[in-house]
2 protein chains.
Amino acid sequence: MHARQPALAEPVRFFSLANGLDVVVVSDRRAPVVTHMVWYRNGSADDPAGKSGIAHFLEHLMFKGTAKWPAGEFSKIVAGYGGQENAFTSYDYTAYFQRVPKEHLRAMMDYEADRMTGLSFDESVVGPERDVVLEERRMRVDADPASQLGEEFSAALFFHHPYGTPIIGWEHEIERLNRDDAFAYYQRFYTPENAILVVAGDTDAEEVRRLAEETYGRIAARGEAPVRNRPSEPDPRASRRVQLNDPRVQQPSLRRGWLTPTYTSGTRGEVLALELVSEILGGGTTSRLYRRLCVEQELAAGANAYFMGSMVDRAALQISASPRPGVEMAAMEAGLDAALADFLRDGPTELELARARTRLVAETVFARDNQSSLARIFGSSLAVGETVEDVLEWPQRIEAVTREAVIEAARRYLRPDRSVTGLLLPA
Amino acid sequence: MHARQPALAEPVRFFSLANGLDVVVVSDRRAPVVTHMVWYRNGSADDPAGKSGIAHFLEHLMFKGTAKWPAGEFSKIVAGYGGQENAFTSYDYTAYFQRVPKEHLRAMMDYEADRMTGLSFDESVVGPERDVVLEERRMRVDADPASQLGEEFSAALFFHHPYGTPIIGWEHEIERLNRDDAFAYYQRFYTPENAILVVAGDTDAEEVRRLAEETYGRIAARGEAPVRNRPSEPDPRASRRVQLNDPRVQQPSLRRGWLTPTYTSGTRGEVLALELVSEILGGGTTSRLYRRLCVEQELAAGANAYFMGSMVDRAALQISASPRPGVEMAAMEAGLDAALADFLRDGPTELELARARTRLVAETVFARDNQSSLARIFGSSLAVGETVEDVLEWPQRIEAVTREAVIEAARRYLRPDRSVTGLLLPA
């Protein structure tokens, strides 16, 4: 599910600077603050073969200073303004953001423009920062059996496409990342043509354009945007299972996923229908799986579904469930198999469909209340190749999906012989 | 298992030409014929990301002619000599060979030297030959559920390393291979520094050196050998299963594999021990699994094991079994699990170990009787980074493996939580 934005008080504005930088402005006058984000159209799935983790490693290095702003200096300034800053790396993009009082917008631009081209890359910071990343991986993955299963599950979903590789990278490849790798990656991807500036908050397109031209506008164009160069995934032909047993597991759980198309790689109608399939199956306590497995059959302690159609190449509809204490995993899985088979045979009821539509559209309204999520929706959608219009029209498009389309999409993609199942169990 | 060569009538000779071409000569005077092979140290695992199948595609194009020998001309000549020729692509190497009366050795060298650098690459042959490869893939894979499961199984064994990609390539990537891809690949890998000439037969090192210098010796050196550039596989953390149901399946079957080190990537003693583990478990009708599952428990119609430690990066010990008619797959698998657990707990008997050693060493003796297999053993071993000495000393090394080493290697690598299981079942 991807929360979207219905009509806003002022029109969303989109334009590009002469050097190719795309700009989105979402005016939001409720408080005198702005959210400033820069999105690069490269994520972990663009890591060169054998150099997994480099997108995320570079995200770390972006905080290690330029000639103008030595490491830590700017963070102190943002904190001094009472602001917040952060960054994140995903499969398809890397983003940097600050939320500050509106009068400091230009300073944020000045800073992001500076580190788009002026990163120091001192050899002295690269090694220690790599150790920080390795420690982050140990904390997140090695200490957590669920994360380990998650990595194995993703790798089983994507045998060939780099979405099967962890965003943070495989440990043995992180260990070998060096300054030259990071610098070459930075030179390739950190360019105005590859970036999207998103400003949401108490400002307007004219002010943003003026400030952006004074800051980002001084960066020389490279001539063209870098090209994503990724292997694509063959269609799955066999059902797949991964099972992790670990003495640290307190709560056993099952996850199941099916590969699907995305808004930019597939037919839009199918992907919209899959959003509804996911919501009907596992959206909250009125969903099909929750009612059936948790309430009626008392097999599961929880059941959820997840779908994110805004990816570049492929998406996956995923469900998860945990058996109740005293229920065997096999019994819960049999109940889940039966519930899915019934859904594929009969489709949703009209009530289920109406409820799912309402919930998805309502979430886009709730998302509007949060300036950061507003900026994130536009940034993430544009970074994968969608348009401002796609974001704005999403609620009406969801409203228009028919029951037949939902049934057809479910039957096409949620077949048992295309499924990947992950089991997390005690030793 | 890798059949090796015990002591031969004349010493095996190894030398290099000035341009970097390695040469192995194995004199074999039993008949007035020679086997002439050229091995390139690049295979499907060296296919660039997103261009799977290019090593194999180039193998096809190598028969499409040069300025000197238009397509088909040389094949006619070899046939006219009463000779044989062929080629094959594997994960780590690509090889071309001819077997001809000894007086034609120089003509073979002249031809192979010519197509090492002079391939035509007419646009007119590239498209049709790609269609030939696509048809080959359809015949081999799409028409055969066991091949489809094999691809899924390999992809589940190797989540990250290109050994998980089919040698022939994924269909959607083969479709996009073009002349420029093939030419760049050829330029990168078809060089004297990257090749190994193996001549076995009624000749000697002096003659081979003289002829090789007159033919291959005229190819200019490139300065250095191309570098293999491959992602490596993270250690598996969860057991994995793939299941393919297909109405065409007449005989259900199970295969199971575990990742292992190789002679060149791991500790030699461990890999030698794994050769024995494989032979003890599944080498013929006196093996542990055959006796237990097929004879004593009457659960399986067949049981085998396979291990090939002569790979560059990783190997896999694999077993396979088929249930008897009327026996459920689950019952056979439970029997297999128990047999493996017993083996890991108790290890082999002294008799099992002695029998496996004898069988492995005997196979190297049988291999000597076939001039082509003799040449192949040296070519494949050298292509993955082993030495002539490694090949010659293999039988003695196998004889020296202790029971403790066998037990230790089995317990380290054949753990259930590292296993990948593939099931082929009717619809």
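The structure presented is a predicted model; accordingly, all values stated were derived computationally and were not measured.

Counting secondary structure elements, chain A contains 15 helices and 11 strands. Over its C-alpha atoms chain A spans a radius of gyration of 23 Å, differing by no more than 12% from the 22 Å that the globule rule assigns to 427 residues. Projected onto the principal axes, the alpha-carbon positions of chain A cover approximately 60 × 50 × 40 Å. Of all 427 residues assigned to chain A, the portion counted as buried reaches 49%. When contacts within chain A are restricted to residue pairs at least 6 apart in sequence, those whose partners lie at least 24 apart make up 82%.

This part takes up the interface of chain A and chain B. Interface size is commonly expressed as the accessible surface area that is lost when the partners come together. Residue-level contacts link 29 residues of chain A with 28 residues of chain B. Counting only elements with at least two residues in the side of chain A that touches chain B, the list comes to α5 (145–157), α6 (171–174) and β7 (239–245) of chain A. Ranked by the residues each element gives to the side of chain A that touches chain B, the list is headed by β7(A), at 7 residues. Residue composition of the side of chain A that touches chain B, by class: 11 nonpolar, 11 polar and 7 charged. Where β7(A) meets strand β7 (residues 239–245) of chain B, 5 bridges bridge the pair, whose relative direction is antiparallel. Bridge assignment links A:Arg241 to a residue of β7(B), and that residue is B:Arg241.

Turning our attention to unusual backbone geometry. A positive phi angle, close to 50°, is found at A:Glu298, a residue other than glycine. Note on placement: A:Glu298 falls in the loop between α10 (288–296) and β9 (300–306). Phi at B:Phe121 takes a positive value of approximately 60°, unusual for a residue other than glycine. Position of B:Phe121 relative to the elements: it lies in the loop between α3 (105–117) and α4 (123–142).

To continue, consider the confidence of the model for chain A. Here chain A averages 94 in pLDDT, and 98% of its residues register 70 or above. Counting interchain partners and residues more than four positions distant, the pLDDT-below-50 stretch residues 1–6 of chain A has 30 contacts.

All names here are of chain B. Read across the sheet, 6 strands follow the order β1-β2-β6-β3-β5-β4 without closing on themselves; strand pairing throughout is mixed. Of all strands in the sheet, those with a lone pairing partner are β1 (13–16) and β4 (84–89), marking the two edges. The mean inter-strand angle of the sheet, taken between neighbouring strand axes irrespective of direction, is 15°. Looking at chain direction, β4 and strand β5 (residues 94–101) are connected through 6 bridges and run antiparallel. Residue pairing in the sheet places Glu85 in a bridge with Gln98 of β5.

Attention now moves to the relation of the copies chain A and chain B. Of the transformation superimposing chain A on chain B, the axial component is 0.0 Å and the angular component is 180°, with the fit at an RMSD of 0.0 Å. The superposition operator between the copies reduces to a two-fold rotation axis. When C-alpha distances to the rotation axis are compared across chain A, the minimum falls at A:Arg241, with a value of 2.4 Å. The share of interface residues of chain A whose copies in chain B are also at the interface is 97%, consistent with both copies meeting through the same surface.

What follows is about the sheet that holds strand β3 (residues 33–40) of chain A. Residues and elements named next belong to chain A. Strand order in the open sheet formed by 6 strands is β1-β2-β6-β3-β5-β4, with mixed pairing between adjacent strands. At either end of the open sheet lies a strand with only one pairing partner, and these are β1 (13–16) and β4 (84–89). Within this sheet the neighbouring strands show an average axis-to-axis angle of 15°, counted without direction. Sheet analysis places β1 next to strand β2 (residues 22–27), joined by 4 bridges and oriented antiparallel. If you follow Ser16 over to β2, its bridge partner there is Asp22. Sheet strands touched by helix α13 (residues 371–383): β2, β3, β5 (94–101) and β6 (195–201). Its angle to β6, the strand with the most contacts, is close to 155°.

Turning our eyes to something else, we now look at helix α7 (residues 179–189) of chain A. Quick reminder: α-helices carry 3.6 residues per turn. Residues three or four places apart thus point the same way. Residue and element names in this part refer to chain A. Among the residues of α7, those classed as buried are Ala182, Tyr185 and Phe189. Burial along α7 is one-sided: seen end-on, the buried residues are contained in an arc of 65°. Counted as exposed and oriented over 90 degrees from the buried face of α7: Asp180 and Gln187. The secondary structure elements touched by the buried residues of α7 are β3, α1 (54–61) and α4 (123–142).

Attention now moves to the pairing of β3(A). All names here are of chain A. Most of β3 is tucked away: 8 of the 8 residues are buried. Every second residue of β3 is oriented toward a common face, with Val33, Thr35, Met37 and Trp39 on one face and Val34, His36, Val38 and Tyr40 on the other, all of them buried. Of the strand pairs in this sheet, β3 and β5 are connected by 8 bridges, and their pairing is antiparallel. For Thr35, the partnering residue across the bridge sits in β5 and is Arg99. In this structure, β3 lies alongside β6, joined through 7 bridges in antiparallel fashion. By the bridge assignment, His36 is partnered in β6 with Val199.

A few words on the environment of B:Ala354. Take B:Ala354: it is sitting in helix α12 (residues 350–368). Between the C-alpha atoms of B:Ala354 and B:Glu399, which are 45 residues apart in sequence, the distance is 8.8 Å.

Here we take up the packing of helix α9 (residues 268–282) of chain B against α12(B). Residue and element names in this part refer to chain B. For the pair α9 and α12, the least separation of the axes is 9 Å and the interaxial angle reads 105°. In this view, α9 runs roughly perpendicular relative to α12, as classed from their interaxial angle. Seen from α9, the contacting residues are Glu275, Leu276, Glu279 and Ile280; seen from α12, they are Glu352, Leu353, Ala356, Arg357, Arg359 and Leu360. Broken down by class, the residue content of the contact of α9 with α12 amounts to 5 nonpolar, no polar and 5 charged.

What follows deals with helix α8 (residues 205–214) of chain B. All names here are of chain B. Along α8, the positions that sit buried rather than exposed are Ala205, Val208, Leu211 and Ala212. Across the axial projection of α8, the buried residues extend over an arc of 135°, all falling on one side. In α8, the exposed positions angled more than 90 degrees off the buried face are occupied by Glu206 and Arg210.

Our focus in this paragraph is the packing of α9(B) against helix α10 (residues 288–296) of chain B. When two helices pack together, you describe them by how their axes are tilted relative to each other and by the distance separating the axes. Residues and elements named next belong to chain B. Look at α9 against α10: their axes get within 3 Å of each other, and the N-to-C directions meet at 25°. Looking at the two axes, α9 sits roughly parallel to α10. Here Ile280, Leu281 and Gly282 of α9 lie close against α10, whose contacting residues are Arg288, Leu289 and Tyr290.

The rules behind these values
- Residues numbered from 1 in each chain as written.
- Chains lettered and ligands numbered in written order.
- Predicted model: local features only at pLDDT ≥ 70, side-chain atom pairs only at ≥ 80, totals over all residues.
- Helix = DSSP H or I, 4+ residues; strand = E, 2+ residues; numbered from the N terminus.
- Rg over C-alpha atoms; globule rule 2.2 N^0.38 Å.
- Buried ≥ 20, exposed ≤ 12 C-beta atoms within 10 Å, placed from the backbone.
- Contact = placed C-beta atoms within 7 Å.
- Nonpolar A, V, L, I, M, F, W, Y, C, P; charged D, E, K, R; others polar.
- Pairing = 2+ DSSP bridges.
- pLDDT = per-residue confidence, 0-100.
- Axes fitted to C-alpha atoms, helices over the stretch in contact; angles between N-to-C directions.
- Least-squares fit on C-alpha atoms with pLDDT ≥ 70 in both.
- Arc of directions from axis to C-beta.
- Parallel < 35°, antiparallel > 145°, perpendicular 65-115°, else oblique.

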